Amino acid sequence: MVEEKNTDFDDELNESEEGVMYEHYKLEVDPGQKMLRVDKYLVNRIDNASRSRIQAAADAGSILVNGQSVKSNYKVKPGDEVAIVMDFPRRELKIIPEDIPLNIVYEDDQLIVINKPPGLVVHPGHGNYSGTLVNALAYYYKDLPMFKSADPRPGLVHRIDKNTSGLMVIAKTETAKTKLSLQFFEKTTKRQYIALVWGNLKEPTGTVEGNIGRSHSNRQVFTVYPDGEYGKTAVTHYKVLEELGYVNLVQCQLETGRTHQIRVHMKYIGHPLFNDDTYGGDHILRGTTFSKYKQFVNNCFKILPRQALHAKTLGFVHPTTGEEMLFDSELPNDMSEVVEKWRGYISNRNIE
C-alpha cells in the first residue's frame, strides 16, 4: 500500500496566502485486501480519522476511487486507487466572540463572501488569540452550530495574509465547507490579485514557475527551489496593467495556492512587492538618488504600511446550487491612493 499525505497547511504560521484547510490522502489498495466498505477501509488506514469525517467527505463527493466519486458504501478491491479530501480535525482552543465589523459582499444560507481589510489576521494562532476574522465570525454567527464549537478555523476553506486585503469565502455548513475545500484543492476556483511591484517587467505577460518551500536559513520566510528538489509546485500567471515609472501595477492569476506565493514569485523574478518588509520591498529598489524622490517613496510607504497586494477577484461553484459565483472588489484606499501618487509622479516627471 502506498499512502501520501498532503495537508497544504502550516500551523507554524497563523496567516498564509491561500493556504487551504484540508487533508489529502492517496492510497493504493493492497493485493490481499478483501472487499470492504471504503469508509471502513479509510478509518482503518488514516490516523485520527473518525467515521463521521470520512462519511462527510463521501457525502460531499470528496472520496474518489480510480478518479471517480463514490459513496461511503462502495467496496474497495485490490488495486483500487483511493483518494480523499477532508476537513482538518477540530482542535480545542477557546474562541472568544468579538464584535469586529465585517465587510460582507454576499451571504446566503451556505456561505458568506467578505472583503477582508489589511491588518486582520484570519484565524487564531501563536501570538494572535483574539482580534482575528474567526473571532468576528464567532460573534456574527453565534447561533450557528459550526461557530459555537472550539474549532479555531470554523468555516475556513482558504486564507490570505494578515496584511493582504481582499475577497474570501467562508462556509456556514459542513457540507459547504467540504465542497468548497475540494474546489480549492482541485484548483477550479478563480482567483486574481492586484499587486504593485518594483521595476518594469520585461514582458507584459508571463508565467512564474518554481517550487515554493520554507527557507532553510530562515524558517519564517519562503523561497523558490527551481530544481524542484524541495517545496511544492507553484505557478503564477501575471499581466502588467500599468507601468508607473519605477513600479508596475500587475494582475496575478494563481494556478496553485502556496504560502506567500505571489510575494515569493515576484521576488524570485526580481520584482518584490512594494513595501513588502518580509521579501525586501520595503526600501527603494528602483529610481533616482534625488532626495525629493526618496521623500516621495517614503511618503508612499507611510500611506501603504504593508505589502501592496489585494485579492480582487474570487470565483467558485456554489456548493449546493451548482451556480457559478464570481465576485470582484475595488482596490482598498491605501493601495489606490499610492497608485494615484505614482501616476502623478510620472505625469509631473514627463512634464519636466
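Up top is the structure.
Residues numbered from 1 in each chain as written. Predicted model: local features only at pLDDT ≥ 70, side-chain atom pairs only at ≥ 80, totals over all residues. Heavy atoms only, no water.

Peer 1: Explain the environment of Lys294 to me, please; I cannot follow it from the model alone.
Peer 2: Looking at where Lys294 falls in the secondary structure, it is placed in helix α6 (residues 291-303). By relative accessible area, Lys294 is classed as partly exposed at 41%. In this structure, Lys294 is in contact with Ile284 and Thr289, ignoring residues within four places of it in sequence. (Helix = DSSP H or I, 4+ residues; strand = E, 2+ residues; numbered from the N terminus. Buried < 20%, exposed > 50% of the residue type's maximum accessible area, 1.4 Å probe, protein only. Contact = heavy atoms within 4.5 Å.)

Peer 1: In this structure, what is going on with the nonpolar core? I would like to understand it.
Peer 2: Generally speaking, nonpolar side chains in soluble globular proteins are found buried as a group. Ranked by internal contacts, the top residues of the largest apolar core, which has 31 residues, are Leu133, Ile170, Tyr193 and Ile262. Looking at this core, the elements that each hand over two or more residues are β9 (111-116), α3 (133-140), β10 (165-171), β11 (190-198), β15 (235-244), β16 (247-254), α5 (261-268) and β17 (309-317). For this core, the element with the most residues is α3, which contributes four residues. Counting residues in hydrophobic clusters, the runner-up holds 21 residues, among them Trp198, Ala308, Val338 and Tyr345. (Core = buried A, V, L, I, M, F, W, Y, C linked by side-chain atoms within 4.5 Å.)

Peer 1: Can you walk me through the packing of helix α1 (residues 38-45) against helix α2 (residues 51-59) in this structure?
Peer 2: Each pair of packed helices can be described by the angle between their axes along with the distance between the axes. Relative to each other, α1 and α2 sit at 135°, their axes nearing to 9 Å. On the basis of their axis angle, the class for α1 and α2 is oblique. Two packed elements cross with a definite hand, and for α1 against α2 that hand is right-handed. For the pair formed by α1 and α2, the contact residues are Asp39, Lys40, Leu42 and Val43 on the first element and Arg51, Ile54 and Gln55 on the second. Taken together, the residues of the contact of α1 with α2 break down into three nonpolar, one polar and three charged. (Axes fitted to C-alpha atoms, helices over the stretch in contact; angles between N-to-C directions. Parallel < 35°, antiparallel > 145°, perpendicular 65-115°, else oblique. Left-handed = near helix turned anticlockwise from the far one by under 90°. Nonpolar A, V, L, I, M, F, W, Y, C, P; charged D, E, K, R; others polar.)

Peer 1: Teacher, can you tell me more about helix α4 (residues 174-185) here?
Peer 2: An ideal rise of 1.5 Å per residue puts 16 Å on twelve residues; α4 measures up with 16 Å between its terminal C-alpha atoms. Taking burial as the measure, the twelve residues of α4 include nine buried ones, the bulk of the element. Of the positions making up α4, those classed as buried are Ala176, Lys177, Thr178, Leu180, Ser181, Leu182, Gln183, Phe184 and Phe185. Backbone geometry just downstream of α4 places Lys187 in the positive-phi region, at approximately 60°. (Expected span 1.5 Å × (residues − 1).)

Peer 1: Explain the pairing of strand β8 (residues 104-107) to me, please; I cannot follow it from the model alone.
Peer 2: Strand residues, when the strand is regular, have side chains that alternate between the two faces of the sheet. Here β8 pairs with β9 via three bridges, running antiparallel. The residue bridging Glu107 from the neighbouring strand is Ile112, located in β9. Once β8 ends, the chain turns through three residues before running back antiparallel as β9. (Pairing = 2+ DSSP bridges.)

Peer 1: Help me understand α1, please; the structure alone is not making it clear to me.
Peer 2: Among the residues of α1, those classed as buried are Val38, Asp39, Tyr41 and Leu42. The buried residues of α1 occupy one face: seen down the axis, they fall within an arc of 160°. (Arc of directions from axis to C-beta.)

Peer 1: I'm lost on the environment of Ile262 in this one. Help?
Peer 2: When you line up the elements, Ile262 lands in helix α5. Assessed through its relative accessible area of 0%, Ile262 is described here as buried. Spatially, the C-alpha atom of Ile262 lies 9.5 Å from that of Ala234, the residues being 28 residues apart in sequence.

Peer 1: Sorry, what's going on with the pattern of salt bridges here?
Peer 2: Proximity of charged atoms lets side chains of opposite charge pair with each other. In total, this model carries eleven salt bridges according to the counting rule given. Note that Asp39 and Arg51 form a salt bridge whose closest N and O atoms lie 3.1 Å from each other. In this pair, Asp39 is assigned in helix α1 and Arg51 in helix α2, connecting sequence segments twelve residues apart. A residue is classified by how much of its surface remains accessible, and Asp39, at 0% relative accessible area, is buried. Arg51 sits in the partly exposed class, given a relative accessible area of 35%. The shortest N-O distance in the salt bridge between Arg263 and Asp161 comes to 2.7 Å. Here Arg263 is found in helix α5, whereas its partner Asp161 is found in the loop between α3 and β10, with 102 residues between them in sequence. Residue classification places Arg263 among the buried positions, given a relative accessible area of 4%. (Salt bridge = Lys/Arg side-chain N within 4 Å of Asp/Glu carboxyl O.)

That's the geometry; what it means functionally is another story.
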